[in-house]
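Report on the structure
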Amino acid sequence: MAVAQMVTPGLKVADIGCDHAYLPIYLVRENVSPYVIAADINSGPVAKARDNIREAGLEGRIEVRQGDGLSVIEPGDAGSVVLAGMGGRLMMKILSEGAAVLEEVYEIIMEPQSEVSELRHYLQDNGYMIISEDMVNDGDKFYPVIKAVPGKTDENREVMFRYGKVLLREGNPVLHDFLLLERQYCSNLLEELAANIETPNVAARMEELRTDLALNEEALRLIAEPELS
């Protein structure tokens, strides 16, 4: 739902890494998108996607394609590209390899499960600006959702790449919960390491945790006073 709400109504969508095609089915059934390409590299999800689309009676509005990343679509096939449920590093690879296709894409919606800061850096470095963000808490896991469009930004504060400028500016409550849990985790781990014999590896990890805690503290200040961000 968080990903679906980012899609601009009326655009054709390419869901790259569609898994069982739940998102494409929702987008078409709710008339968010007139046409969706559901793509996955693996044959198992592709077969399941076809079954689910057939069962929903939406074969005419959802096309299933099997292939690697954006190689399955041509320029102009979609105005909105969704990359969800994969690591940020894989997303950067897909975006880099599909640069020609992306020239005719209006928006990219991403739900990275790792390397989130690196992905935000990549977007800025490659001519994209983040215009919307959300965060979802599912059990003990937190998932950011990012919407980016072509544009130039010059953010240089690492806290914004780590946690998301839009999330901080909006005082996102799920991010706030995440920050509190992260602070507790880092503080506890730092105390445990401090009780051990200091080796080069332990010292390096303690320094990383101090850096993480400093960014966390800055983020908590910003989320409490959004006007500062």
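Look above for the structure.
The paragraphs below set out a description of the structure included in this document. As the structure is a computational prediction, the values presented were derived from the model and not from experiment.

**A look at the overall build of the protein chain**
On a plain count of helices and strands, the protein chain comes out with nine helices and seven strands. In terms of overall dimensions, the protein chain has a C-alpha envelope of 60 × 35 × 30 Å along the principal axes. For the protein chain, buried positions account for 47% of its 229 residues. Put simply, of all contacts in the protein chain between residues at least 6 apart along the chain, 67% involve residues at least 24 apart.

**Concerning the packing of helix α3 (residues 88-97) against helix α5 (residues 116-125)**
At a minimum axis separation of 8 Å, α3 and α5 run at an interaxial angle of 20°. Viewed along their axes, α3 and α5 adopt a mutual orientation that is roughly parallel. Judged by the sense of rotation from one axis to the other, the crossing of α3 with α5 is left-handed. Along the contact surface, α3 presents Gly 88, Met 91, Met 92, Leu 95 and Ser 96, while α5 presents Glu 118, Leu 119, Tyr 122 and Leu 123. Looking at side-chain class alone, the contact of α3 with α5 contains six nonpolar, two polar and one charged residues.

**Focus: the sheet that holds strand β6 (residues 128-138)**
Read from one edge of the open sheet, seven strands run β3-β2-β1-β4-β5-β7-β6, paired in mixed fashion. Since the sheet does not close on itself, it has two edges, and those belong to β3 (62-66) and β6, each with one partner. This sheet shows a mean twist of 15° between the axes of neighbouring strands, independent of strand direction. Direction of pairing for strand β4 (residues 80-86) relative to strand β5 (residues 107-112): parallel, over a ladder of six bridges.

**Brief notes about the environment of Leu 27**
Here Leu 27 lies in helix α1 (residues 22-29). Between the alpha carbons of Leu 27 and Val 3 there is a distance of 10 Å; along the sequence they are 24 residues apart. With residues up to four places along the chain from it excluded, the contact list for Leu 27 reads Ala 4, Val 7, Val 13, Val 32, Ser 33 and Val 36.

Analysis parameters
Residues numbered from 1 in each chain as written. Predicted model: local features only at pLDDT ≥ 70, side-chain atom pairs only at ≥ 80, totals over all residues. Heavy atoms only, no water. Helix = DSSP H or I, 4+ residues; strand = E, 2+ residues; numbered from the N terminus. Buried < 20%, exposed > 50% of the residue type's maximum accessible area, 1.4 Å probe, protein only. Contact = heavy atoms within 4.5 Å. Axes fitted to C-alpha atoms, helices over the stretch in contact; angles between N-to-C directions. Parallel < 35°, antiparallel > 145°, perpendicular 65-115°, else oblique. Left-handed = near helix turned anticlockwise from the far one by under 90°. Nonpolar A, V, L, I, M, F, W, Y, C, P; charged D, E, K, R; others polar. Pairing = 2+ DSSP bridges.

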